[in-house]
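Okay, here's what each chain looks like letter by letter:
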Amino acid sequence: MELESGKCDWVLLLWSTVCSLLTVLSAGHVTGPLEERKVAFSVGLSGGESGNTGPYSTDITLVYKHIFINIGNAYNPATGIFTAPVRGVYQFRFHIIGVGGRGVDAVLHKNGHHVAGAYSQQNQHFGSASNGASLLLEVGDVVYIKLRANLWIFDNSLHHTTFSGQMLFSGSCPLRNRVIQYTEKQMDYSLDLYTYRVSCMVSGADRVDRHLRQETSEESSQHILRPPTPQPTPVPTSALWKEVPEHPSQNHQVQEQILP
């Protein structure tokens, strides 16, 4: 059973793309890191000094100065803000401590919205609290810790006040993304090649069609009706013979054959 020409062309195009993709994967042309991107950070509020941060008349974003790790550089130590580099699920935790006589209250924010808070109030000595959450983040989403207004927070070189986060898993596959990018390029090339082949086929078909038309025209011209060639009138058999008048010197009849 033969495939229609259009379907056959698309089957060949698809097969060519699949073969190209398998060739690329086997040859290692999909370059770059194919493993899951790693994102993790852990920071402390104090850069080595000992003391309180706050109180302030409004909520402020805490800028954690001490960097334990910052894999992927998604945390900005100048602003205290974590920015998601890829779509995925991230886990965050924070711990706070405050001196007695004033409460300590900090809130985990995502894109300006309250997510989770931690609060402690001690009349004497220190009070501490901690909290955390796992969040689905899109690329460019921001997460940070805010100190509530009129409260303070304490830290020193022992790093009691910390903020940490890590990506548990991403919502995209690097290999899949790279394969898609390469496949799109191959598809563009294949489509260009397919278009070129189709144009060649069309031009070739036009030439064949013109040739066939020319042959058909010549054959038709050879079969144009012409007037029939005149044929000699048949002579009746009875007319092939006739009597010859008698010769004065002969008394008998002589029959003469008349040739046409």
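Residues numbered from 1 in each chain as written. Predicted model: local features only at pLDDT ≥ 70, side-chain atom pairs only at ≥ 80, totals over all residues. Heavy atoms only, no water.

> Even after reading the chapter, I still don't get the environment of Leu 137, so can you show me in this structure?
Structurally, Leu 137 can be placed in strand S10 (residues 126–137). With relative accessibility at 0%, the residue Leu 137 sits in the buried group. Sequence separation of Leu 137 and Asn 111 is 26 residues, and the distance between their C-alpha atoms is 9.9 Å. Excluding anything up to four places from it in sequence, Leu 137 contacts Phe 82, Ala 84, Val 86, Arg 87, Gly 88, Tyr 90, Phe 92, Lys 110 and Val 143. (Helix = DSSP H or I, 4+ residues; strand = E, 2+ residues; numbered from the N terminus. Buried < 20%, exposed > 50% of the residue type's maximum accessible area, 1.4 Å probe, protein only. Contact = heavy atoms within 4.5 Å.)

> Would you mind showing me how to read the packing of aromatic side chains here?
Within the structure shown, the criterion is met by ten aromatic pairs. Between Phe 41 and Phe 163, the aromatic rings sit 5.1 Å apart at their centres with planes inclined by 80°, giving edge-to-face as the arrangement. Here Phe 41 is found in strand S1 (residues 40–44), whereas its partner Phe 163 is found in strand S13 (residues 162–170), with 122 residues between them in sequence. Overall, Phe 41 belongs to the buried group, its relative accessible area being 2%. On the numbers, 5.4 Å between centres and 70° between planes, the contact of Phe 82 with Phe 92 is edge-to-face. Residue Phe 82 is found in strand S6 (residues 81–83), and its partner Phe 92 is found in strand S7 (residues 88–99); the two are separated by ten residues along the sequence. Judged by its relative accessible area of 1%, Phe 92 is buried. Members of the aromatic cluster, connected to one another through ring pairs, are Phe 41, Tyr 64, Tyr 75, Phe 82, Tyr 90, Phe 92 and Phe 163. (Phe/Tyr/Trp six-rings, centres within 6.5 Å; stacked < 30°, edge-to-face > 60°.)

> It is not clear to me how the sheet that holds S10 should be interpreted in this structure. Could you clarify?
One key point about sheets: their strands pair by backbone hydrogen bonds, in either a parallel or an antiparallel sense. Strands sit in the order S4-S1-S13-S7-S10 across an open sheet of five strands; the sheet is antiparallel. For this open sheet the edge positions go to strand S4 (66–71) and S10, each flanked by a neighbour on one side alone. Direction aside, the axes of adjacent strands within the sheet are offset by 10° on average. (Pairing = 2+ DSSP bridges. Axes fitted to C-alpha atoms, helices over the stretch in contact; angles between N-to-C directions.)

> When you look at the nonpolar core in this model, what are you seeing that I'm missing?
It is characteristic of soluble globular proteins that their nonpolar side chains tend to be buried jointly. Counting 29 residues, the largest nonpolar core has Phe 82, Tyr 90, Phe 92 and Phe 163 as its most contacted members. Of all the elements in the fold, those that place two or more residues in this core are S1, S7, strand S8 (104–110), S10, strand S11 (142–147) and S13. Setting aside anything within four residues of it in sequence, one finds Phe 92 in contact with Phe 41, Phe 82, Leu 108, Asn 131, Gly 132, Ala 133, Leu 135, Leu 137, Val 143, Phe 163, Ser 164 and Gly 165. (Core = buried A, V, L, I, M, F, W, Y, C linked by side-chain atoms within 4.5 Å.)

> I keep staring at unusual backbone geometry and nothing clicks. Help me out?
Note: most residues except glycine have negative phi, and most peptide bonds are trans. For the peptide bond that leads from Gly 54 to Pro 55, omega is 0°, which places it in the cis range. With respect to the element layout, Pro 55 can be found in the loop between strand S2 (51–53) and strand S3 (60–61). Phi angles above zero are rare outside glycine, and Asn 73 is one such case at about 55°. As for its position among the elements, Asn 73 is in the loop between S4 and strand S5 (75–76). Residue Asn 73 is classed as exposed on the basis of its relative accessible area of 64%. In this structure, Asn 111 is a non-glycine residue whose phi angle is positive, near 50°. Taking the relative accessible area as the measure of exposure, Asn 111 reaches 33% and is therefore partly exposed.

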